[in-house]
Amino acid sequence: MQNVSGISLVADYSAASADVGQTLTWSATLTLTGGGSYTGVNFALYLPTGVDAEAASGTTDCGATLIAISARTLVVAGASMSVSQATCVYSMPVHATQAGTYAASTGIANNTQIPTYDYSATFTAIPVPTLSATFSAATVVAGGAASLDLTLDRADTDAKSGLGYTVALPAGVTVGSASATSDCGGTLTAATGQSTIELAGATLATGVAGCTTSVPLAFSGSGVKTITGLSDVTGLTRLVNGVTTASIEVYPAVPGPQTITFAQPADVPSSTSSISVDPTSSASLYVTVTSNTTDVCTAVPVETSGRQVQILKPGICSLTATQPGNGYYAAAAAVTRTFAVIPPAPSAVTATANDSSITVSWTAASPATGITGYRATANPGPATCTTTGATTCVLGAQAGTSYTVTVVALAGETESAAAGPSAAVAPPAPVAPATPPSTNLTLTTDKGQISTTAPGADITFIGDGFAPYSTVVITMYSAPRTLGTAVTDGTGSFSKRITIPADLAAGAHTALAQGAAPDGTTRSMALALTVAERAAGSGTLPVTGAGIMLQLLIGCALAMTGTGLLWAGRTRRV
């Protein structure tokens, strides 16, 4: 290591005080104190924390270089000294980043053993206010107004003067026509339509913590308008630049329209755990999906990967897609989509033929979550029966017709695939018993509950309460005699026109309608009738009910008319 006992070093600042952030010069001076010459003199000095170099390299002489290898490490390399070059000066622009008093260096490292060095010189960094900038609103409509608030804040309480700055406004932003306000003093230059704001000679009195200048702005175009501290804030006088970025978003005066595209989801089996849906907005804004049937399905928004719909149980899943819009686009019309979550099907359908009916049984669907019942359907139709959970029911049937039966599970408005069909069965007609069964169910007619009739008369019998679409046999007693059959409608009712046999004996009889009740048991309805005698020698049948009364009234009228004529004739002969 080279011994340079004839060289001394002194480090110093160009001013005893400066504002925080204000540039001053740091320097290191080498002085040749004895004779001789030296080459390759190298050393490094370290700036204290709170003082930063402002350049990558500094000013040098004596053939050396001065490099800032970090903000606070300054290296001099390759200095040469002789009698003819007895003094060498190295300088670097620096500034304080915070208030305080700072020595010229905190230490030295050298490979030339400079024996004499002095870096005890100091300067005091005076605290200065910090400039910040904020817009009065996050958003504004084009043609609208907002303000830019430029604030000076400080930590000390000493009087400040000569404060100033210049702020350039972004494109599409100018000074508005309203009046600016300021409690900072000095001269504010911010004319209407101007694209810069300038404050000069501002002051802060002793003890005043800060001040604000609020400048009205006008906006055109649309998009985010940003003030960047590094490029748009200049001309700082006795201030620290605390502006990083300040932004405001300008929306169009009339938001544009947007629509939602929401593809129809396919029906899914209830064993499905989840599906993805991906409605989109014509404005490319995120579309939210919500479930209207949270007992059947729930929607979980996942903005980065579509929307996940969790399937909970069978039923109808209803989803609504919405997009509320923003400053650029109006809200979109909501779009609702529904799809079926199909329940599992039952199994093992069996059909058993009964008189005018079929008993159907099946094995319940599994799992049963969400299933509200079952429906069995005969083929040919249209007979059906529905349960709310039972696994058997009765179908009305036409006697002699061959049927198969299918069964579906129900979940609200949704049904499973059909189970079956069963083996074919052909229900028989009811067989009339030897004597009419006891029943309190009264058969009626289109003329009410008549009590008399005559051979050859036509009567329309009416009954109800039977299994829908089933065969009813109408029999006349005392000796059972089948008069005809009827097929009930969807309510289990029938209306059948029957002709009373011409050879039916006079006297008391019972008309009986017999078939299947909705539960498969036998249902009987009876009507007691008295059959009148056939008119003697006339070859005509007597008439019953209202018809007889009408003929009697006509006969009486004719008799009275004849008597009157006879009396009139006698009078004329007197």
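Residues numbered from 1 in each chain as written. Predicted model: local features only at pLDDT ≥ 70, side-chain atom pairs only at ≥ 80, totals over all residues. Heavy atoms only, no water.

Turning our attention to the overall build of the protein. Along the protein, the regular secondary structure elements total two helices and 49 strands. Against the 2.2 N^0.38 benchmark of 25 Å for 574 residues, the protein shows a C-alpha radius of gyration of 55 Å, more extended than a compact globule. When the backbone C-alpha atoms are referred to their principal axes, the protein occupies close to 190 × 75 × 35 Å. With 574 residues in all, the protein has 38% of them scored as buried. Residue pairs in contact within the protein that sit at least 24 positions apart in sequence constitute 66% of those at least 6 positions apart. Surface exposure of the protein reaches about 26,900 Å², of which carbon and sulfur atoms provide 55%. Here the protein carries 18 positive and 28 negative side-chain charges, and the mean point of each set is 34 Å from the other. (Helix = DSSP H or I, 4+ residues; strand = E, 2+ residues; numbered from the N terminus. Rg over C-alpha atoms; globule rule 2.2 N^0.38 Å. Buried < 20%, exposed > 50% of the residue type's maximum accessible area, 1.4 Å probe, protein only. Contact = heavy atoms within 4.5 Å. Areas by Shrake-Rupley, 256 points an atom, 1.4 Å probe, with all protein chains shown as cover. Lys, Arg positive; Asp, Glu negative; His and termini not counted. Charge placed at Lys NZ, Arg CZ, Asp CG, Glu CD.)

A few words now on the sheet that holds strand 19 (residues 187-189). As summarised here, the arrangement of the four strands in space is 19-20-16-23, forming an open sheet in which the pairing is antiparallel. The sheet is open, and its two borders are formed by strand 19 and strand 23 (233-237), each paired with just one other strand. Ignoring which end each strand starts from, the neighbouring axes of this sheet average 10 degrees apart. Summarising the sheet, strand 16 (residues 160-168) and strand 20 (residues 196-204) pair through six bridges and their orientation is antiparallel. Residue Ala 168 lies in a different strand from strand 20, and its bridge partner there is Thr 196. (Pairing = 2+ DSSP bridges. Axes fitted to C-alpha atoms, helices over the stretch in contact; angles between N-to-C directions.)

With that settled, consider the state of the cysteines. By the definition in use, this model includes four disulfides. Between the sulfur of Cys 62 and that of Cys 88 lies a disulfide, 1.5 Å long from S to S. Looking down the S-S bond of the Cys 62 and Cys 88 bridge, the torsion is -95 degrees, so its handedness is left-handed. Separated by 26 residues along the polypeptide, Cys 62 in the loop between strand 5 (51-53) and strand 6 (65-70) and Cys 88 in strand 8 (residues 87-96) bring together distant segments of the chain. Overall, Cys 62 belongs to the buried group, its relative accessible area being 9%. Sulfur-sulfur distance for the disulfide between Cys 184 and Cys 211 comes to 2.0 Å. Between Cys 184 and Cys 211, the S-S torsion sits near 110 degrees, and that sign places the bridge as right-handed. Note that Cys 184 is positioned in the loop between strand 18 (181-182) and strand 19 and Cys 211 in strand 21 (residues 210-219), a separation of 27 residues in sequence. In terms of burial, Cys 184 and Cys 211 fall into one category: buried. (Disulfide = S-S within 2.5 Å.)

The three strands are arranged 42-44-47 in an open sheet whose pairing can be described as antiparallel. Every interior strand has two partners, whereas the edge strands, strand 42 (444-445) and strand 47 (494-499), have only one. Two elements, strand 42 and strand 44 (residues 458-463), share two bridges in a ladder whose sense is antiparallel. Paired with Thr 445 across the two strands is Phe 461, which belongs to strand 44.

What follows deals with the nonpolar core. Trp 26, Leu 30, Phe 43 and Tyr 90 are the most contacted members of the largest nonpolar core, which totals 39 residues. Of all the elements in the fold, those that place two or more residues in this core are strand 1 (7-13), strand 3 (24-32), strand 4 (38-46), strand 5, strand 6, strand 7 (73-81), strand 8 and strand 12 (122-126). Counting residues in each nonpolar core, the second largest holds 30 residues, with Leu 169, Val 175, Val 215 and Val 243 among its members. (Core = buried A, V, L, I, M, F, W, Y, C linked by side-chain atoms within 4.5 Å.)

For the rest of this paragraph, the subject is the confidence of the model for the protein. This prediction gives the protein a mean pLDDT of 90; 91% of its residues lie at or above 70. Note on residues 538-574: pLDDT is under 50 here. Beyond four places in sequence and across chains, it has 17 contacts. (pLDDT = per-residue confidence, 0-100.)

One can find Thr 485 in strand 46 (residues 481-487). The class of Thr 485 is partly exposed, set by a relative accessible area of 42%. Residues Thr 485 and Thr 23 lie 462 residues apart in sequence; the distance between their C-alpha atoms is 117 Å. What Thr 485 contacts, discounting residues up to four positions off in sequence, is Thr 471, Val 472, Val 473 and Lys 496.

Next up on the list: the pairing of strand 16. Of the strand pairs in this sheet, strand 16 and strand 23 are connected by three bridges, and their pairing is antiparallel. Bridging across to strand 23, Gly 164 finds its partner in Thr 237.

Going through the model one piece at a time under the given rule, you end up with seven aromatic pairs. Aromatic pair Tyr 102 and Phe 123: ring centres 5.9 Å apart, planes at 35 degrees, arrangement tilted. In this pair, Tyr 102 is assigned in strand 9 (residues 100-103) and Phe 123 in strand 12, connecting sequence segments 21 residues apart. With relative accessibility at 6%, the residue Tyr 102 sits in the buried group. Taking 5.8 Å as the distance between ring centres and 5 degrees as the angle between the ring planes, the aromatic pair formed by Tyr 117 and Tyr 119 counts as stacked. Owing to a relative accessible area of 40%, Tyr 117 belongs among the partly exposed residues under this scheme. Put simply, the rings of Tyr 13, Tyr 102 and Phe 123 pair up and form one aromatic cluster. (Phe/Tyr/Trp six-rings, centres within 6.5 Å; stacked < 30°, edge-to-face > 60°.)

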